[in-house]
Amino acid sequence: ISQALGPGRGLELLAAALRHCEPKFTVTMVGNPQGNYAETFSGRIPPEWRGRAVFQKQFKDREVLGFMARHHVGLALEQKQPLNRDLTVTNKILQYLLCGLAVVATDTKGQIEIADESNGAVQLCGTDNPTALGGLLNGWVRDLASLQRVRRQASKTAMEKFCWEKEKLRFARLVERSL
């Protein structure tokens, strides 16, 4: 899920990873493809994936969580450049957890921090390691019980750690300290 889908948004990693994946699942990319990026992406993936890697136009914010909840795995394939992408996290990784999705995230500094607190709900792969990404996805396809355990952990992590009810106190303390 992204506002804009195009070069430098992590989809090159996904395209390369699909070469290592069994075509037994569907990949849905939500957002507005820039220019002819949908065709460019389709040309980079193996032919057997072309009907399984689909683009979904962006929809209203209030529909995002319901859409996510119908899926099993969320991809947070952020890049390390620009620097703010390395140091921070996007909303989607937290929304994936809230929806009970297993998460595969690239090893940016911000996402490593979330993974360290997730008790296994967030699995990391290198920003330049499509083999690792493919291995994680194949592993869950082959072991659905493992995927379900990770998804339960995602929900638990979201409710116990990464929810506004817990974070608002920490946020208020940080604001108070800085003022």
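Reference entry: report on the structure contained in this document. In this text the structure is predicted, and so the values were computed from the model without any measurement.

1. A few points about the sheet that holds strand β7 (residues 122-125)
- Read across the open sheet, the 3 strands follow the order β5-β6-β7; overall the sheet is parallel. The outermost strands of the open sheet, each flanked by one partner alone, are β5 (73-76) and β7. Looking at each pair of strands side by side, their axes are set apart by 20° on average, direction ignored.
- Sheet analysis places strand β6 (residues 102-106) next to β7, joined by 4 bridges and oriented parallel. Across the sheet, the residue bridging to A105 is L124, located in β7.

2. Things to note about helix α7 (residues 130-142)
- Over its 13 residues, α7 extends 18 Å from the first C-alpha to the last, a length consistent with the 18 Å expected when each residue adds 1.5 Å.
- Within α7, the full set of buried residues consists of L133, G134, L136, L137, N138 and W140.
- Packed against the buried residues of α7 are α1 (11-17), β5, β6, β7 and α8 (144-160).

3. Structural notes on the nonpolar core
- L14, L18, M29, F41, V104 and L133 are the most contacted members of the largest nonpolar core, which has 27 residues in total.
- Among the secondary structure elements, those contributing two or more residues to this core are α1, β2 (27-30), α2 (37-44), β6, α7 and α8.
- Looking at this core element by element, the count peaks at 5 residues for α1.
- Ignoring anything within four residues of it in the chain, the contact list for M29 reads L5, L11, L14, F41, A53, V54, F55 and Q56.
- The next biggest cluster of nonpolar side chains, apart from the first, holds 20 residues, and it includes V64, A76, Y96 and I114.

The rules behind the values
- Residues numbered from 1 in each chain as written.
- Predicted model: local features only at pLDDT ≥ 70, side-chain atom pairs only at ≥ 80, totals over all residues.
- Heavy atoms only, no water.
- Pairing = 2+ DSSP bridges.
- Helix = DSSP H or I, 4+ residues; strand = E, 2+ residues; numbered from the N terminus.
- Axes fitted to C-alpha atoms, helices over the stretch in contact; angles between N-to-C directions.
- Expected span 1.5 Å × (residues − 1).
- Buried < 20%, exposed > 50% of the residue type's maximum accessible area, 1.4 Å probe, protein only.
- Contact = heavy atoms within 4.5 Å.
- Core = buried A, V, L, I, M, F, W, Y, C linked by side-chain atoms within 4.5 Å.

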